[in-house]
Amino acid sequence: EPSIYLVPTPIGNLQEMSERALEILKSVDVIACEDTRNTGKLLKHFDIKKPLLSHHEHNQDQSISKILDKIKEGQSVAIVSDAGYPLISDPGSYLVKQSIEQDIPVISISGPNAALDALVASGLETKHYLFYGFLDAKSKKRIQELEELASFPYTILFYEAPHRIEACLKDLLSVFGDRKIVLAREISKLHEEYLRGTISEILEVCSTLKGEMVLVVSGAKKEENQISIEDAAEFVHRYMEDG
Ligand code: SAM
């Protein structure tokens, strides 16, 4: 049956391309990708020759109808992004929604994901967590986003670009206070590194850091969500006076 396969690709180490992912890429008729040059390199490495279709946010109206047409013609399509899972801070979600609406089977293949890799090695709470992805590039909007997350009591995962990490950590410090964080850098690559400390400690060293990074931030402590006994007493007092 013609289907859409969501195929994750390595985030840094080509050995993490799974046998099943390779089998799928070999078996489909077309591969829809974010960047034909990047995916071209990956396919060349594994000696796979397939027609590529470019699919990113800017052309998605056209590319989605092309992809759905292929499937209606009886072809199977694999969706890949430059690294990790498609749809995770990468294109593809609208395509999946459309496919489901049109009763096209959507099949997910397991594989690498930068956020999960960082989470499990972080040493922070893994039982419950939130993947946020990228914060806004502008500080004002970023602070608003962080304010919404400030009382979330579980671990939060962010993606961030190296040229914005310092500005991002400053905003994190001002909204969240000096929490424990882990900065995971260049996962599965030569310069893989986990920096563990408080936000202010990581802020001191972050300006020299390069490469791809994930920020793992510990959740708000339960006490921080609650107003202090004095504030509560003040509130009750005022309420009684007004009432
Ligand atoms: N789809 C990908 C996934 O499933 O992880 C994420 C793509 S997103 C456009 C790219 C961001 O993921 C980078 O800016 C960085 O925050 C994170 N990232 C990707 N590869 C990484 C790596 N090897 N080490 C650390 N972070 C990585």
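Residues numbered from 1 in each chain as written. Predicted model: local features only at pLDDT ≥ 70, side-chain atom pairs only at ≥ 80, totals over all residues.

## Some remarks on the packing of helix H3 (residues 60-72) against helix H4 (residues 93-101)
Packed helices, taken two at a time, are described by the angle between their axes plus the distance between the axes.
Working step 1: At a closest axis distance of 10 Å, the pairing of H3 and H4 adopts a crossing angle of 40°. What the angle tells us is that H3 and H4 run oblique. The crossing of H3 and H4 is right-handed. Facing Gln60, Ile64, Ile67 and Leu68 of H3, the residues of H4 in contact are Tyr94, Leu95 and Gln98. (Axes fitted to C-alpha atoms, helices over the stretch in contact; angles between N-to-C directions. Helix = DSSP H or I, 4+ residues; strand = E, 2+ residues; numbered from the N terminus. Parallel < 35°, antiparallel > 145°, perpendicular 65-115°, else oblique. Left-handed = near helix turned anticlockwise from the far one by under 90°. Contact = placed C-beta atoms within 7 Å.)

## Remarks on the environment of Met240
Working step 1: Within the secondary structure, Met240 sits in helix H10 (residues 229-242).
Working step 2: By the C-beta count within 10 Å, which is 8 here, Met240 ends up exposed.
Working step 3: Each C-alpha atom of the pair Met240 and Gln98 lies 55 Å from the other, and the pair is 142 residues apart in sequence. (Buried ≥ 20, exposed ≤ 12 C-beta atoms within 10 Å, placed from the backbone.)

## Things to note about the environment of Thr198
Working step 1: Along the polypeptide, Thr198 turns up in strand E9 (residues 193-198).
Working step 2: Through-space distance from the C-alpha of Thr198 to that of Leu173 is 9.2 Å; in sequence the pair is 25 residues apart.
Working step 3: In contact with Thr198, other than residues within four places in its own chain, are Asp178, Arg179 and Lys180.

## Notes on unusual backbone geometry
Glycine aside, negative phi is the norm for most residues, and most peptide bonds take the trans geometry.
Working step 1: Within the chain, Ser89 stands out as a residue other than glycine whose phi angle is a positive 50°.
Working step 2: Tracing the sequence through the fold places Ser89 in the loop between strand E4 (77-79) and H4.
Working step 3: Looking at Ser89, the number of C-beta atoms within 10 Å reads 16, which means it is partly exposed.
Working step 4: Even without glycine at this site, Asp103 takes up a positive phi of about 60°.
Working step 5: With respect to the helices and strands, Asp103 occurs in the loop between H4 and strand E5 (106-108).

## Let's talk about the sheet that holds E5
Working step 1: Overall, parallel pairing links the five strands, which are arranged E3-E2-E4-E1-E5 in an open sheet. Two strands bound the open sheet, and with one partner strand each, they are strand E3 (52-54) and E5. Adjacent strand axes in the sheet meet at a mean angle of 25° when their direction is disregarded.
Working step 2: Of the strand pairs in this sheet, strand E1 (residues 4-6) and E4 are connected by three bridges, and their pairing is parallel. Opposite Leu6, over in E4, you have Ile79 as the bridge partner. (Pairing = 2+ DSSP bridges.)

Limitation: the analysis is restricted to geometry and does not speak to function.
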